[in-house]
2 protein chains.
Amino acid sequence: MSVCVWIHKGAFALINKATPRGSLTDTTACITQHSQSTVSLFTAQRFPRHTGLYAFVTHLLLARRAGIISIIPRLLADGGEFKSYSKAERGEKLSGEPHSVRMCDEELNPAAVAQPVEDVHGDGRWMSQHTRFVQECKDGEPDVLFIGDSMLQLMEQYEVWKEFFSPLHALNFSIAGDTTCNVLWRLQNGELENIRPKVVVLWVGTNNYEHTAEQVAGGILAIAQLLTSHLPKAKKVVLGLLPRGEHPNPLRVKNAAVNGFLHSWLPRLGQTQLLDVGREFVHSDGTIIPRHMFDFLHLTSTGYLTVAKPLSDLLLQILDETPEERQASLV
Amino acid sequence: MSVCVWIHKGAFALINKATPRGSLTDTTACITQHSQSTVSLFTAQRFPRHTGLYAFVTHLLLARRAGIISIIPRLLADGGEFKSYSKAERGEKLSGEPHSVRMCDEELNPAAVAQPVEDVHGDGRWMSQHTRFVQECKDGEPDVLFIGDSMLQLMEQYEVWKEFFSPLHALNFSIAGDTTCNVLWRLQNGELENIRPKVVVLWVGTNNYEHTAEQVAGGILAIAQLLTSHLPKAKKVVLGLLPRGEHPNPLRVKNAAVNGFLHSWLPRLGQTQLLDVGREFVHSDGTIIPRHMFDFLHLTSTGYLTVAKPLSDLLLQILDETPEERQASLV
């Protein structure tokens, strides 16, 4: 069940009705009435730089900002897959099957746009790490794949990794500083090739400083969807973002909001569980102590235990649920 | 033995001769002939915004850029201390002792300007860590003080810290991402109060992306000088910057150049040793392997051993050299 967005000439007027000053009803109606089938859209002939999709996306954003509707989550909730052309030439009439199909989330949500990290400092470390992960895909056969940022990358340096996760045949493709965009890029560029993990653990989002909580959650959702399409049999565990900073602050509020969105969206994806242990880190006076987070973000070995124990339990439970496959891998 | 720079009216012409288009000889001569005593300088009356010192500094920079002379290192090599007014009012005649004495390096070198980290993300983590370190100064009596960036901060999270450094009564005031500027600010704002460590270990500079190798080394020198003035009895160990990146790259060249400057400058400071183990990390084919640096910058537990063993030996040797004080601290 998918919703395809076609870009045609001539129907711009329909979109154009949904300006912020005008009524948004037409756009909304347009989407909802076609939500189980196909939506036709038009290139914006009057705005050379605004292709149909661009205008469409702009209006969707306006509609969302106006609080009228949150299109994408609703489509996803309906089990729909929102596809679109990524771009259309000015006035170009497109016909036939889309030549470039993308999740519309990517277009709408800057946190769901795949992007490599630019090598601004000149030592090429990010790409070196990605290349190494791609190579590890060729050499290893992990049962559990960890994907994320420094929160998971550092974990591999601690005893907790050896104790809880190495024995599960785990690979860890995590890079400090990564956002959802960077993880998306890595996964689209080789880090899922040649491997068939039974479980993927995803922990990313606290570095998405430029994005809203909803966008960050959407970015995480996009990664989960990508995992589903590449590894349809794999279970997914998404770790909730931890609170950060010694005292209550806006980033704690935002990370909690991300977890809130994930809590309501992820169950609909199927095969996906959210593990959120953030409240364990905040004391009754609202502080986080360096004994758990040495820099009020990254975890000490003590702090990692709080995450690793329930995560390990969950992973063992999931791996036990697929005993035949496990047996096969042991032979 | 110190060189005081006095700012007076009337002698601007002397400085003015040393324009980039004109001869630089006069400025050079001016410095060298007075290098063991006092140098008179003049406010730049013709440039309201350019006080004497500003013009002087500008011309020193021009002289350095022209390759004529490296004034500050030479003064330091002569055992001189380069003092100056930080600012002079337009046309103001200053007399008597300087009311505000600073190392001229600070004026010349952006890597030697004390600067806190701006809380761009809004969780206040950097300042929380600094505040915690200042508090630890009140509570602890360290024999060894570690100061630096992530290279030292992460070390405290590894077993190597417990094995080699905790037993030495060590405190660790290190924050990931810090530059020489940030460390200078922290040390000038409470992190050296109330403590009298016997040895200070300094490891910072690899994050100074905006500065040249000479500037970075100058920033490290400025920190070492600050340590000397606050803790005149303490020995100092400066760790050389490690190579970084999987393959040879400009940042490796730069970090090696920083070490080169330190190698020639630090011995003249007295009580200061450079420990440079960088070459241990580079294989014969020029690569650095993830077994030593998991992200081609930060160390694994195996990588830390390469640093910790010789550092620990050196610290024990230094601590043994002051047996009476050590005995006193044990009583």
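Residues numbered from 1 in each chain as written. Chains lettered and ligands numbered in written order. Predicted model: local features only at pLDDT ≥ 70, side-chain atom pairs only at ≥ 80, totals over all residues. Heavy atoms only, no water.

- Identification of chain A as 1-alkyl-2-acetylglycerophosphocholine esterase from Solea senegalensis is taken from an unreviewed UniProt entry.
- Per UniProt, chain A has the following entry under Sequence similarities (unreviewed entry): "Belongs to the 'GDSL' lipolytic enzyme family. Platelet-activating factor acetylhydrolase IB beta/gamma subunits subfamily."
- If you open the UniProt record of chain A and go to Subcellular location (unreviewed entry), you find "Cytoplasm". (UniProt positions renumbered as here; feature names shortened; annotations may be inferred.)

**Here's the deal with the overall build of chain A**
- Looking only at helices and strands, chain A has 13 helices and nine strands in total.
- Per-residue burial for chain A yields a buried fraction of 54% across its 331 residues. (Helix = DSSP H or I, 4+ residues; strand = E, 2+ residues; numbered from the N terminus. Buried < 20%, exposed > 50% of the residue type's maximum accessible area, 1.4 Å probe, protein only.)

**Some points on the UniProt feature "domain: SGNH hydrolase-type esterase" (unreviewed entry) in chain A**
- Summarizing the sequence annotation, UniProt attributes the feature "domain: SGNH hydrolase-type esterase" (unreviewed entry) to residues 146-304 of chain A in the numbering used throughout.
- Within the segment residues 146-304 of chain A, helix and strand shares are 40% and 14% respectively, and the terminal C-alpha atoms sit 15 Å apart.

**Observations concerning the pairing of strand β6 (residues 170-174) of chain A**
All names here are of chain A.
- Of all five residues making up β6, five are buried, and the element is well covered by its neighbours.
- Where burial is concerned, the two faces of β6 agree: the one with Ala170, Asn172 and Ser174 and the one with Leu171 and Phe173 are both buried.
- Two strands pair when backbone bridges link them, and strand β5 (residues 144-148) and β6 are joined in this way by five bridges, in the parallel orientation. Residue pairing for β6: Gly148 is matched across the bridge by Ser174. (Pairing = 2+ DSSP bridges.)

**Regarding the sheet that holds strand β7 (residues 199-203) of chain B**
All names here are of chain B.
- A sheet is described by the order of its strands in space; here five strands give the open sequence β6-β5-β7-β8-β9, paired in parallel fashion. Unpaired on one side and paired on the other, β6 (170-174) and β9 (272-275) mark the two borders of the sheet. Pairs of neighbouring strands in the sheet enclose a mean axial angle of 20°, with direction left out of account.
- Summarising the sheet, β7 and strand β8 (residues 235-239) pair through four bridges and their orientation is parallel. Bridging across to β8, Val200 finds its partner in Lys236.
- Running over the sheet, helix α9 (residues 180-188) touches β5 (144-148), β6 and β7 and is turned about 135° from β5. (Axes fitted to C-alpha atoms, helices over the stretch in contact; angles between N-to-C directions. Contact = heavy atoms within 4.5 Å.)

**Considering the packing of helix α10 (residues 213-230) of chain A against helix α11 (residues 250-269) of chain A**
All names here are of chain A.
- Packing of α10 against α11 leaves a shortest axis separation of 8 Å and a crossing angle of 35°. The hand of the α10/α11 crossing is right-handed. Facing Ala213, Glu214, Val216, Ala217, Gly218, Ile220, Leu221, Ala224 and Gln225 of α10, the residues of α11 in contact are Lys254, Ala257, Val258, Phe261, Leu262, Trp265, Leu266 and Leu269.
- Grouping the constituent residues of the contact of α10 with α11 by class yields 13 nonpolar, two polar and two charged. (Left-handed = near helix turned anticlockwise from the far one by under 90°. Nonpolar A, V, L, I, M, F, W, Y, C, P; charged D, E, K, R; others polar.)

**Overview of the interface of chain B and chain A**
- Chain B puts 26 residues into the contact, and the matching count from chain A is 26 residues.
- Regarding the contact of chain B and chain A, the summed buried area is about 2400 Å², with carbon and sulfur atoms giving 56% of it.
- Where chain B meets chain A, there are four salt bridges.
- Here Arg125(A) ties to Asp295(B) by a salt bridge, and the two come within 3.3 Å at their closest N and O atoms. (Buried area = accessible area lost by both parts, 1.4 Å probe. Salt bridge = Lys/Arg side-chain N within 4 Å of Asp/Glu carboxyl O.)

**Section: the relation of the copies chain B and chain A**
- Note on the copies: chain B fits chain A at an RMSD of 0.0 Å, the axial shift is 0.0 Å, and the rotation between them is 180°. Those values place the two copies in the arrangement expected of a two-fold rotation axis. Relative to the rotation axis, the closest C-alpha in chain B is found at Tyr158(B), a distance of 3.6 Å. (Least-squares fit on C-alpha atoms with pLDDT ≥ 70 in both.)

**Comments concerning unusual backbone geometry**
Residues and elements named next belong to chain B.
- Even without being a glycine, His169 presents a positive backbone phi close to 60°.
- Residue placement: His169 occurs in the loop between α8 (159-165) and β6.
- Non-glycine residue Asn194 carries a positive phi angle of around 70°.

**Focus: the environment of Val307(A)**
All names here are of chain A.
- Topologically, Val307 is positioned in helix α12 (residues 301-321).
- On the basis of relative accessibility, which here comes to 1%, the residue Val307 falls in the buried class.
- Each residue touching Val307, except ones within four places of it in the same chain, is listed here: Trp203, Leu239, Val277, Phe281 and Leu299.

**A look at the sheet that holds strand β7 (residues 199-203) of chain A**
All names here are of chain A.
- Pairing is parallel across the open sheet formed by five strands, whose spatial order is β6-β5-β7-β8-β9. Each edge of the open sheet carries a strand with a single partner, namely β6 and β9 (272-275). The mean angle between the axes of side-by-side strands here comes to 20°, regardless of whether they run parallel or antiparallel.
- Of the pairings in the sheet, the one linking β5 to β7 comprises five bridges and is parallel in character. Directly across from Val144, in β7, lies its bridge partner Val199.
- Each of β8 (235-239) and β9 touches α11; the most contacted strand, β9, lies at about 160° to it.

**Quick notes on the pairing of β5(A)**
- Burial of β5(A) is extensive: five of the five residues sit out of reach of the surface.
- Side chains Val144(A), Phe146(A) and Gly148(A) of β5(A) all project onto a buried face; the interleaved residues Leu145(A) and Ile147(A) project onto the opposite face, where all are buried too.

**Brief notes about the packing of aromatic side chains**
Residue and element names in this part refer to chain A.
- Applying the stated rule across the entire model yields 16 aromatic pairs over all chains.
- Arranged with centres 4.9 Å apart and planes meeting at 20°, the rings of Phe133 and Phe173 form a pair that is stacked. Of this pair, Phe133 sits in helix α6 (residues 125-139) while Phe173 is found in strand β6, placing the two residues 40 residues apart along the sequence. Both residues of the pair, Phe133 and Phe173, count as buried.
- With a centroid separation of 5.0 Å and an interplanar angle of 65°, the aromatic rings of Phe146 and Trp161 are classed as edge-to-face. With a gap of 15 residues between them, Phe146 in strand β5 and Trp161 in helix α8 (residues 159-165) connect regions that are remote in the sequence.
- Cluster of aromatic residues (ring-pair linked, three or more members): Phe146, Trp161, Phe164 and Phe165. (Phe/Tyr/Trp six-rings, centres within 6.5 Å; stacked < 30°, edge-to-face > 60°.)

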